[in-house]
Amino acid sequence: MRILITGGAGYIGSHTVKELFKSGHQVIALDNLSMGHRAVVTKARLIEAGLADQKFLSELLREEKIEAVMHFAASSLVGESMQYPLDFYANNVVCSLNLLNAMLEAGVYYFVFSSTAAVYGEPTKTPIPEDHLTVPTNPYGATKLAIEEALFWYYQAYGLKYISLRYFNAAGADPDGELGEDHNPETHLIPLVLKTALEQIPEVRIFGNDYPTSDGTCIRDYIHVTDLAKAHILALEALAEGVQPTIYNLGNGNGYSVLEVIQAAEKVVGNPLPKTFTKRRSGDPAILVASSERIKQELHWKPCYSDLQTIIETAWHWHRNNPLGYERTQ
């Protein structure tokens, strides 16, 4: 299939582009490079643009004979969403609706959506099933949920076929060492821990030690980025085979606290790391752990990198070989 990947120069998008090429698909990456990196798009054609111009998007879909869209482009920092909710609604909701409307104009009806566990808010059940109540505690989660709701009605009214994938914590790096995680600013725990190991930052900051967990720090479910990418391909193939629109969680089903992640990373790098506690971040739930049984049963998805230490090892291999991230190749 000919597939448009929005956010194709980003962390998860670039890994998905690589896996799509392995599977024989044709890919065009669309990215405004506000957060992505030109250097990661080595196989796909890269179009440097955003999603604000619906006419441009519609013409692009037609001219490139696009058959399906995978939508990764979004603002995703929880703390930033609490400070600037208007920006998140403009980028994550308005621009996503522009994309959906352009798809309808161009006659493109397959859509795989990059959603998030943040739609659940503070869960009442762990692990979290897809039918759990969705009450986001931050604008990031709320904007993703808004598009999930829009997708339901677009399917009802216009026949747009979609699968929404609710990620838990994406982590790790391409096992081949070609791609990795490089954000600016960096807010994700594992790369921050590894930057501390490389002495690029002085210490790991832990946001809160008074959560209702075993050691007082937040618990999250870490899923390898390549496993996420492969799930997108399974979702696309399922849509092409006629599966009904649906939602899937993507996680390993195992929860690790912030302190447990740091301890696992210390084993990987071979030495203790300096850390300090600071106050909680607004909008952070205490525990987010996935039940991914639905996608395992229905699409036969199986994570290949389910062990936390293995996930960290792939990330460490990339960070150690690319201490400046993609800066040296830009």
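Quantities reported herein were computed from a predicted structural model and do not represent experimental measurements.

Along the chain, Thr-126 connects to Pro-127 via a cis peptide bond; the corresponding omega equals -5°. Mapping Pro-127 onto the fold places it in the loop between strand 5 (110–116) and helix 5 (139–158). A cis amide bond links Asn-184 with the next residue in sequence, Pro-185, at an omega value of 5°. Relative to the helices and strands, Pro-185 is located in the loop between strand 7 (169–171) and helix 6 (189–197). In this structure, Glu-199 takes a positive phi of about 60° despite not being glycine. In this fold, Glu-199 is placed in the loop between helix 6 and strand 8 (204–207). Exposure remark for Glu-199: the relative accessible area of 73% places this residue in the exposed category. If you check the backbone angles, His-300 has positive phi at about 60° while not being a glycine. With respect to the secondary-structure elements, His-300 resides in the loop between helix 9 (293–299) and helix 10 (308–321).

This part covers the pattern of salt bridges. What the rule picks out here adds up to 14 salt bridges. The closest approach of N and O atoms between Lys-18 and Asp-176, which form a salt bridge, is 2.9 Å. Of the two residues, Lys-18 sits in helix 1 (residues 11–22) while Asp-176 sits in the loop between strand 7 and helix 6, which places them 158 residues apart along the sequence. Ionic pairing is found between Glu-178 and Lys-18, a salt bridge with its closest N-O pair at 3.0 Å. Of this pair, Glu-178 sits in the loop between strand 7 and helix 6 while Lys-18 sits in helix 1; the two residues are 160 residues apart in sequence, bridging distant segments of the chain. The buried category is assigned to Lys-18, whose relative accessible area is 8%.

Interhelical geometry of helix 8 (residues 258–269) versus helix 10 gives an angle of 60° and a closest axis separation of 9 Å. Classed by the angle they form, the pair helix 8 and helix 10 counts as oblique. Helix 8 and helix 10 meet at a crossing whose hand is right-handed. Mapping the contact onto sequence places Glu-260, Val-261, Ala-264, Ala-265, Lys-267, Val-268 and Val-269 in helix 8 and Leu-308, Gln-309, Ile-312, Glu-313 and Trp-316 in helix 10.

Before going further, it helps to examine the sheet that holds strand 2 (residues 26–31). Read across the sheet, seven strands follow the order 3-2-1-4-5-6-11 without closing on themselves; strand pairing throughout is parallel. In the strand order of this sheet, the two ends are held by strand 3 (45–48) and strand 11 (246–250), each with one partner. When the angles between neighbouring strand axes are averaged without regard to direction, this sheet yields 20°. Across the face of the sheet, helix 2 (residues 54–63) comes into contact with strand 1 (2–6), strand 2, strand 3 and strand 4 (68–71) while running at roughly 165° to strand 2.

With six of seven residues buried, strand 5 lies mostly within the body of the structure. Of the pairings in the sheet, the one linking strand 4 to strand 5 comprises three bridges and is parallel in character. When the sheet's bridge partners are listed, Val-69 is paired in strand 5 with Phe-111. The pairing of strand 5 with strand 6 (residues 161–167) spans seven bridges and is classified as parallel. Residue pairing across strands places Phe-111 opposite Tyr-162, the latter belonging to strand 6.

Membership of the largest hydrophobic core comes to 39 residues, with the highest contact counts inside it found for Ile-5, Ile-12, Met-70, Leu-165, Leu-250 and Ile-295. Of all elements in the fold, only strand 1, helix 1, strand 2, strand 4, strand 6, helix 7 (225–240), strand 11 and helix 9 reach the threshold of two or more residues within this core. The element best represented in this core is helix 7, accounting for eight residues. If near-sequence neighbours (up to four positions away) are discounted, Leu-250 is found in contact with Leu-165, Arg-166, Tyr-167, Phe-168, Ile-223, Leu-228, Ala-231, Ser-292, Ile-295 and Trp-301. Membership of the second largest hydrophobic core comes to 27 residues, among which are Leu-61, Met-103, Phe-113 and Leu-160.

Counted according to the given criterion, the structure contains five aromatic pairs. With centroids separated by 5.4 Å and ring planes inclined at 75°, the aromatic side chains of Tyr-154 and Tyr-158 adopt a geometry described as edge-to-face. Taken together, the positions of Tyr-154 and Tyr-158, both in helix 5 and four residues apart, correspond to about one turn of that helix. Taking NZ or CZ as reference, Arg-280 lies 3.9 Å from the ring centre of Tyr-211, over its face.

A word on helix 7. Taking 1.5 Å of rise per residue, 16 residues should cover 22 Å, and helix 7 covers 23 Å from first to last C-alpha, within 8% of that figure. Most of helix 7 sits inside the fold, with 12 of its 16 residues counted as buried. Of the positions making up helix 7, those classed as buried are Val-225, Thr-226, Asp-227, Leu-228, Ala-229, Ala-231, His-232, Ile-233, Ala-235, Leu-236, Ala-238 and Leu-239. Once helix 7 ends, the next one or two residues include Gly-242, with phi positive near 100°.

Burial along strand 8 is one-sided: the residues Val-204 and Ile-206 are buried and none of Arg-205 and Phe-207 is. Two strands pair when backbone bridges link them, and strand 8 and strand 13 (residues 275–278) are joined in this way by four bridges, in the parallel orientation. Considered in strand 13, the bridge of Ile-206 is made with Phe-277.

Rules behind the numbers
Residues numbered from 1 in each chain as written. Predicted model: local features only at pLDDT ≥ 70, side-chain atom pairs only at ≥ 80, totals over all residues. Heavy atoms only, no water. Helix = DSSP H or I, 4+ residues; strand = E, 2+ residues; numbered from the N terminus. Buried < 20%, exposed > 50% of the residue type's maximum accessible area, 1.4 Å probe, protein only. Salt bridge = Lys/Arg side-chain N within 4 Å of Asp/Glu carboxyl O. Axes fitted to C-alpha atoms, helices over the stretch in contact; angles between N-to-C directions. Parallel < 35°, antiparallel > 145°, perpendicular 65-115°, else oblique. Left-handed = near helix turned anticlockwise from the far one by under 90°. Contact = heavy atoms within 4.5 Å. Pairing = 2+ DSSP bridges. Core = buried A, V, L, I, M, F, W, Y, C linked by side-chain atoms within 4.5 Å. Phe/Tyr/Trp six-rings, centres within 6.5 Å; stacked < 30°, edge-to-face > 60°. Lys NZ or Arg CZ within 6 Å of the ring centre and 35° of its normal. Expected span 1.5 Å × (residues − 1).

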